[in-house]
Structures are given as structure tokens and as C-alpha cells.
Amino acid sequence: MALTDWRSIHGETFSGKRALVTGGAGFIGSHLSEALVDLGAEVVVLDDLSGGDLVNFDSYRERAGGRLTVIEGTILDEATVTKAVDGCTWVFHQAAWGSVPRSVAMPRKYHEINTTGTLNILEGAKHAGVSRVMFAASSSAYGDTPTLPKVESMPVLPRSPYAANKVYGEAMMQAWALSYAQGDAGQAFDTACLRYFNIFGPRQNANSAYAAVIAAFAKALFVGEKPVIFGDGEQSRDFTFVDNAVQANLLAARHKDKLNGEVFNVACGERVTVNQLAEQMAKIIGRPELTPEHKPERAGDVKHSLADLERTRSTLGYEPLVPFEAGLEPTVQWYEGEMKG
Ligand SMILES: NC(=O)c1ccc[n+]([C@@H]2O[C@H](COP(=O)([O-])OP(=O)(O)OC[C@H]3O[C@@H](n4cnc5c(N)ncnc54)[C@H](O)[C@@H]3O)[C@@H](O)[C@H]2O)c1
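In this text, all values refer to a predicted model and were calculated from it rather than measured experimentally.

A. Inspection of helix 8 (residues 242–254) at higher detail. The terminal C-alpha atoms of helix 8 lie 19 Å apart, and with 13 residues this matches the ideal 18 Å at 1.5 Å per residue to within 8%. Most of helix 8 is tucked away, with twelve of its 13 residues classed as buried.

Below is the structure:
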């Protein structure tokens, strides 16, 4: 399903080594696991299936042979984490609860999963001999400042418990890398934070807050309805196809120098308006006459979001692999398949 030939980029770097993907049954985690499988790694997934689904392995479980182990369990259980992380060189920590409104309603639960869960992962990794933990951070750390593009050196402004969890996760990544240059097994221990911007692609739960607009447009267009846009549609996002997030993780994992929990934006660096998104999707689906219907703007919506990629480029050698338009087509096709059941 991936549009990217990972072997041609990363060769044998990951081959024969063990990696833990927490939240690997979810959207981004399942793509990361798939890339690692294709790169010859031994992949362990730890997921409690609270948001993910085992069907996300269907397209590559066979290809993985015996190199994919799925542990159905929670990052909140230290013994389970210890088992999952055993023998791993890398941890890609994707497990989290993700909805901003739900985090406002359930701040304690979010703290437990997203913050205490992250502590368990860091402690487990440090103990087990892991050399680097990659943390799924979020552009929500930037809050609603109008300044564009968003640069990692800008102050953080978490506006929800979820954003606060992610900012604290970054702080923990930094503190652990600086406090424990060596892990308990004597290994060099390091961390990196990847701030994802509106990641989209196949296998994204249509009910996910991140997928909201793409999923909602797909749902409308496939039944011959006009997509609904709140406001004038000129609000923009840095929509980022999932392969780009996978690539940023792989580059961070194989980086030679210590990263000390440094934060990196992960995006396309392209500004796509919601009007453009609706037009593109209608074109892909073959219903260009289904032009959007505009409704009043929703309070609290951030007008624009766009990442500066200078640090990610210069430190990690990152370049977006799949531009927005190229990623949109397979995504729309996937939603079509899902809707047909
Ligand atoms: N999708 C985006 O645009 C985006 C943007 C910013 C940050 N992120 C972060 O990226 C990560 C992956 O996001 P996603 O979009 O793939 O979401 P997702 O919900 O598809 O994946 C998260 C996975 O974590 C698992 N999980 C949740 N709680 C768990 C627990 N206690 N123990 C074990 N597993 C648990 C879920 O079952 C799910 O499979 C998350 O940390 C999210 O906060 C995503």
C-alpha cells in the first residue's frame, strides 16, 4: 500500500534489528510497522486496540513472515512494556489517545495514557538497551498563534489537556536523553520528538479528529452530496501524507549524532486550503460538479497551520517524499473501499 520503496532509501540499516512500535495497530503506527517489516526489521507492536485495529496488519502480515509480533496490551502495564521492549534497538512511541475535545472531557485519563504511558515507555527503553526513542509529538504544541510558518523555536502554547500531554512528553524525552546519556545496559541512550502536522492516508480512522475534514468530504462526495465547509474555506492546513511521517521516524532512528530529545516538525511545508482540498477530492472521485456548501465559521478553529521544515531538513536530511496531491488519491480510494464495506 505504501507509495514509497523503503529499501531503496534505507537499504540494510534496519535489517535484522528489533524495533518496538507502540500504537502499531493504529494509523501511523501500522504504516511505520509495515515500512520496518519491508526493511527486514523484527517488529514488535504493543497496542491495546482502544483506537487501532488488527485489520491494519492484513495487507502485510503474511509478507512479514515471523518478523511481526503483535502484543495486545497496554503501555500502562510495566511488565508488558518490559516484555515488549526486550532486545529492541529502537522504540517508535505512537500509542496515545488523540482527540482534543475528549481530552478536555477526560483530562485524568489522558494524563494517564499519554503522560504516564510515555514515562513507562522511556523507563522500559532505558532499562532494556534501546538506543533511541522516537516520540509522536504534535503541532498542537503551537496553540493558535497566528505566526506562520511554525518554527520549533517558538514558545509552546498548549490549549488542551491533549496538547499539554504532548508538550510534557517532549519535555520528558529531553530530560531523559540529558539525564541518562547511558541506559541501564550501558548503551548510548537518546530520544527525538517528531511534531506531526495533519497526517493523513489510508487506515486513518474516519472518526479521528485529524481525519475529520478529509473523511467528511469523502463521506459526502461518495454519496453524491456537496461537501460542507465551515467558513469561507480559505483556512489552510499542512496536510501530510503518512509516508512522510514514516520517513521522518526512520531518519531520526538512524541519525548518527545524539539528538537529545530535539523537536522536529514533520509536514510537507505546503499550504492547502480547505477549498482546494474539496476541489481536488471532487476531481479524484469524478464529481467536479459537487462544489462545496459553505456554512458559518466554527468558533475556535485555527485559521492556518504551516510548518517550517528547515531544522528537519538540515539535521535529519528530511524531504517530504509524497506531496499532498500524490497522497490524496490513494487515501480517497481507501475511503471508497471502506464505505463499500
Ligand atoms: N494523525 C495525526 O495527524 C497526528 C498529529 C499529531 C500527533 N499524532 C500522534 O501520533 C500518534 C499516532 O496517531 P494516529 O493518528 O496513528 O492515531 P491512532 O489512534 O490511529 O493510533 C494510536 C494507537 O495507540 C493505541 N493505544 C492507545 N492507548 C494505548 C495504550 N494505553 N496502550 C497501548 N496502545 C494504546 C491505539 O489502540 C491506537 O492503535 C499519536 O500519539 C498521536 O497523538 C497524530
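B. Highlighting the sheet that holds strand 3 (residues 68–72). One open sheet accounts for seven strands, arranged 3-2-1-4-5-6-11; its pairing is parallel. Two strands bound the open sheet, and with one partner strand each, they are strand 3 and strand 11 (262–266). Averaged over all pairs of adjacent strands, the angle between strand axes in this sheet comes to 20°, irrespective of strand direction. Pairing geometry for strand 4 (residues 90–93) and strand 5 (residues 132–138), over four bridges, is parallel. Residue pairing in the sheet places F92 in a bridge with M134 of strand 5. Lying on the sheet, helix 6 (residues 161–179) is in contact with strand 5, strand 6 (190–196) and strand 11; it crosses strand 5 at an angle near 155°.

C. Layout of the pairing of strand 6. Strand 6 sits mainly inside the fold: seven of its seven residues count as buried. Neither face of strand 6 is open: one carries D190, A192, L194 and Y196, the other T191, C193 and R195, and all of them are buried. One ladder, built from seven bridges, connects strand 5 with strand 6; its direction is parallel. In the sheet register, A136 faces strand 6, and the bridge partner there is L194. Crossover handedness for the path strand 5 to helix 6 to strand 6: right-handed. Here strand 6 pairs with strand 11 via five bridges, running parallel. Each residue of the ladder has a partner; that of R195, found in strand 11, is N265.

D. Inspection of the packing of aromatic side chains at higher detail. Enumeration according to the criterion identifies nine aromatic pairs in this entry. Centroid distance Y142 to F197: 6.0 Å. Interplanar angle 40°. Geometry classified as tilted. Here Y142, found in the loop between strand 5 and helix 6, pairs with F197, found in the loop between strand 6 and strand 7 (199–200); they are 55 residues apart in sequence, far enough to count as distant. Each member of the pair, Y142 as well as F197, carries the same accessibility label: buried. A ring pair is formed by W176 and Y180, whose centres lie 6.0 Å apart and whose planes are at 55°; its orientation type is tilted. Judged by relative accessible area, which is 31%, Y180 ranks as partly exposed. The ring of W97 has R102 sitting right over it, with the charged end atom 4.2 Å from the ring centre. Sitting over the ring of Y180, K126 keeps its end group 4.2 Å from the ring centre.

E. The pattern of salt bridges, seen in detail. Within this structure, the stated rule accounts for 16 salt bridges. In this structure, the salt-bridge partner of R63 is E34, at a minimum N-O distance of 2.9 Å. Taken together, the residues R63 in the loop between strand 2 (42–47) and strand 3 and E34 in helix 2 (residues 27–38) connect sequence positions 29 residues apart. We classify R63 as partly exposed; its relative accessible area is 41%. The partner of K258 in a salt bridge is D190, and the shortest N-O contact between them spans 3.6 Å. Taken together, the residues span a long stretch of sequence, with K258 in the loop between helix 8 and strand 11 and D190 in strand 6 at a distance of 68 residues. Residue K258 is classed as partly exposed on the basis of its relative accessible area, which comes to 39%. Salt bridges linked by common partners bring E34, D38, R63 and R203 together as one network.

F. Highlighting the packing of helix 9 (residues 274–285) against helix 11 (residues 324–340). Here helix 9 crosses helix 11 at 50°, and the two axes come no closer than 10 Å. The angle between the axes of helix 9 and helix 11 places the two elements in the oblique class. Where helix 9 crosses over helix 11, the handedness of that crossing is right-handed. In this structure, helix 9 contributes L277, Q280, M281, I284 and I285 to the contact, and helix 11 contributes F324, E325, L328, E329 and V332.

G. Fine view of the site of the ligand. Close to the ligand lie 29 residues, the nearest being I28, D47, G51, Y162 and K166. The separation between an oxygen atom of the ligand and a polar main-chain atom of F27 is 2.9 Å. Between the ligand and the protein, one listed contact pairs an oxygen atom with a side-chain N or O atom of Y162 at 2.6 Å. With the chains in place, 95% of the 830 Å² that the ligand exposes on its own is no longer accessible. At the level of secondary structure, the elements contributing two or more residues to the shell around the ligand comprise helix 2, strand 5 and helix 6. Among the elements that take part in the shell around the ligand, strand 5 stands out by supplying three residues, more than any other.

Here is what the cut-offs are and how they apply
- Residues numbered from 1 in each chain as written.
- Predicted model: local features only at pLDDT ≥ 70, side-chain atom pairs only at ≥ 80, totals over all residues.
- Heavy atoms only, no water.
- Helix = DSSP H or I, 4+ residues; strand = E, 2+ residues; numbered from the N terminus.
- Expected span 1.5 Å × (residues − 1).
- Buried < 20%, exposed > 50% of the residue type's maximum accessible area, 1.4 Å probe, protein only.
- Pairing = 2+ DSSP bridges.
- Axes fitted to C-alpha atoms, helices over the stretch in contact; angles between N-to-C directions.
- Contact = heavy atoms within 4.5 Å.
- Right-handed = clockwise from strand over helix to strand, strands pointing away.
- Phe/Tyr/Trp six-rings, centres within 6.5 Å; stacked < 30°, edge-to-face > 60°.
- Lys NZ or Arg CZ within 6 Å of the ring centre and 35° of its normal.
- Salt bridge = Lys/Arg side-chain N within 4 Å of Asp/Glu carboxyl O.
- Parallel < 35°, antiparallel > 145°, perpendicular 65-115°, else oblique.
- Left-handed = near helix turned anticlockwise from the far one by under 90°.
- Near = heavy atom within 4 Å.
- Polar contact = N/O pair within 3.5 Å; in protein donor to acceptor, adjacent residues only side chain to side chain.
- Areas by Shrake-Rupley, 256 points an atom, 1.4 Å probe, with all protein chains shown as cover.

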